[in-house]
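Spelled out, the chains give:
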Amino acid sequence: MIRSAITVSLVEEARGGPFVFWDGLPAACQRAAELGFDAVEIFAPGPDAVDANELRELLERHSLSVAAVGTGAGMVRHGLSLTAGDASEREAAKDFVRQMIDFGGPLGAPAIIGSMQGRWGGELDLQAALNHLRVALDELGTYAEKYQVPLIYEPLNRYETNLIKTVADGAGFLKTLQTSNVKLLADLFHMNIEEANLADALRSGKGAIGHVHFVDSNRQAAGLGHMDYGPIAAALEEIRYSGYLSAEAFPIPDSDTAAQRTIEAFQKYFR
Ligand code: LER
Ligand code: MN
């Protein structure tokens, strides 16, 4: 069964970014539970930003799970990238992700590689960057096995990466890995820019999609743009997707309205 999740950012530097809740985990968990979400997705500044016991207590109190943890703070805060030209920088990026896997793993939450994938350019050509990415995903995907969670890799739109931008290319790339523990994140906002047809793209990711960012065409909450969710819901059902639809959207006009609209759209199309 597809489950609902909503993002909370604890990263001040990311203000203005596409996360629904911004006022700390206790408030986010309380509101997410009141609205009927199954889980929260946490964008944290680092692996030690959240006290694990306090988080467990909050999750238990509100009967919530953690859908995933973002790793983008490695880029936003520390300028790290898994495809940096410099080997020691790539190692530092992998260390950061490993620590985020150690944060989410015990909670059953996979880590997401989004902006940490970086881009090619300058001294680094596309093939070299893809090789760095392949090595990193193989290493980190294998590392995540000890928590029995996958590693989630997210194709991004052309303005955020020049590596892999579509679900089909992402699925093809995952087939070149040694590990089978890396799954794709299908972010409907990125897909709306890059894919010719969103439903067909989701079908091309059959068996490879492990997480979905649920959002509208304009990166506002589902229902506030012009995304056609009917064919998307049909495609996800057809490929038997059973992970989270996680709201990664701007808090427009405000967090609470974005959260309410999201859960309404979720219930309309996926229940
Ligand atoms: C970035 O645009 C994005 O979609 C995030 O999920 C990646 O960190
Ligand atoms: Mn995303």
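Residues numbered from 1 in each chain as written. Chains lettered and ligands numbered in written order. Predicted model: local features only at pLDDT ≥ 70, side-chain atom pairs only at ≥ 80, totals over all residues. Heavy atoms only, no water.

Peer 1: Is there a simple way to think about the side chain of Glu41 in this case?
Peer 2: The residue Glu41 is located in strand S2 (residues 39-43) in this model. Arg219 provides the closest opposite charge to the buried, unpaired Glu41, separated from it by 9.4 Å. A distance of 2.7 Å separates the side chain of Glu41 from the side chain of Ser246, its partner in a polar contact. Apart from the residues lying within four places of it in its own chain, the contact partners of Glu41 are Ile6, Thr7, Val8, Ala68, Ile112, His211, His213, Ser246 and Glu248. (Helix = DSSP H or I, 4+ residues; strand = E, 2+ residues; numbered from the N terminus. Buried < 20%, exposed > 50% of the residue type's maximum accessible area, 1.4 Å probe, protein only. Lys, Arg positive; Asp, Glu negative; His and termini not counted. Salt bridge = Lys/Arg side-chain N within 4 Å of Asp/Glu carboxyl O. Polar contact = N/O pair within 3.5 Å; in protein donor to acceptor, adjacent residues only side chain to side chain. Contact = heavy atoms within 4.5 Å.)

Peer 1: Explain the packing of aromatic side chains to me, please; I cannot follow it from the model alone.
Peer 2: Two measures describe an aromatic ring pair: the distance that separates the ring centres and the angle between the ring planes. For the structure on display, the rule yields 6 aromatic pairs. Both rings, one in Phe19 and one in Trp22, keep their centres 5.9 Å apart while their planes meet at 75°; by these two values the pair is edge-to-face. Assigned by exposure class, Phe19 and Trp22 land together as buried. Ring centres of Phe214 and Phe270 lie 5.8 Å apart, and the angle between their planes is 90°; on these two criteria the pair is classed as edge-to-face. Of this pair, Phe214 sits in strand S7 (residues 209-214) while Phe270 sits in helix H10 (residues 255-270), and the two are 56 residues apart along the sequence. Exposure class is identical for Phe214 and Phe270. Each is buried. Put simply, the rings of Phe214, Tyr229, Phe266, Tyr269 and Phe270 pair up and form one aromatic cluster. If you follow Arg3 out to its NZ or CZ, it ends over the ring of Tyr244, 4.5 Å from the centre. (Phe/Tyr/Trp six-rings, centres within 6.5 Å; stacked < 30°, edge-to-face > 60°. Lys NZ or Arg CZ within 6 Å of the ring centre and 35° of its normal.)

Peer 1: Any chance you could explain the environment of Glu41 here in plain terms?
Peer 2: By relative accessible area, which is 4% here, Glu41 ends up buried. Polar side-chain contacts of Glu41 include one of 2.9 Å to the side chain of His213.

Peer 1: What should I look at first to understand the pairing of S7 in this one?
Peer 2: Each regular strand displays side chains that alternate between the two surfaces of the sheet. With 5 of its 6 residues buried, S7 lies for the most part within the structure. Bridge count between strand S6 (residues 182-187) and S7: 4 bridges; the pairing is parallel. Residue pairing in the sheet places Leu184 in a bridge with Ile209 of S7. Note that the unit made of S7, helix H9 (residues 229-238) and strand S8 (residues 244-247) has a crossover that is right-handed. (Pairing = 2+ DSSP bridges. Right-handed = clockwise from strand over helix to strand, strands pointing away.)

Peer 1: Can you help me understand the site of ligand 1 in this one?
Peer 2: The environment of ligand 1 is formed by Gly114, Ser115, Glu154, Glu160, Asp187, His190, His213, Arg219 and Glu248. In this structure, an oxygen atom belonging to ligand 1 sits 3.1 Å away from a side-chain N or O atom of Asp187. At a separation of 2.8 Å, an oxygen atom of ligand 1 approaches a polar side-chain atom of His190. Protein chains bury 86% of the 260 Å² of accessible surface belonging to ligand 1 in isolation. Classifying every residue of the shell around ligand 1 by side-chain character gives no nonpolar, 4 polar and 5 charged. (Near = heavy atom within 4 Å. Areas by Shrake-Rupley, 256 points an atom, 1.4 Å probe, with all protein chains shown as cover. Nonpolar A, V, L, I, M, F, W, Y, C, P; charged D, E, K, R; others polar.)

Peer 1: Help me understand the coordination of the manganese ion (ligand 2), please; the structure alone is not making it clear to me.
Peer 2: The protein atoms that coordinate the manganese ion (ligand 2) are Glu154 (OE), Asp187 (OD), His213 (ND1) and Glu248 (OE), at distances spanning 2.1 to 2.2 Å. Of note is the manganese ion (ligand 2), whose 6 donor atoms meet at the metal with angles of 70 to 173° in an arrangement that counts as octahedral. (Donors = N, O, S within 2.8 Å, 3.2 Å for Na, K, Ca; no water. Tetrahedral: all angles 85-135°; square planar, octahedral: opposite > 155°, others 65-115°.)

Peer 1: Would you mind going over the sheet that holds S2 with me for this structure?
Peer 2: Taken in spatial order, the 8 strands close into a barrel running S1-S2-S3-S4-S5-S6-S7-S8, and their pairing is parallel. Averaged over neighbouring strand pairs, the angle between their axes works out to 30° when direction is ignored. Here 4 bridges tie strand S1 (residues 3-9) to S8, and the two strands are oriented parallel to one another. Bridge assignment links Ser4 to a residue of S8, and that residue is Leu245. Along the sheet, helix H4 (residues 87-104) contacts strand S3 (65-70), strand S4 (111-113) and strand S5 (151-153); its crossing angle with S3, the most-contacted strand, is approximately 175°. (Axes fitted to C-alpha atoms, helices over the stretch in contact; angles between N-to-C directions.)

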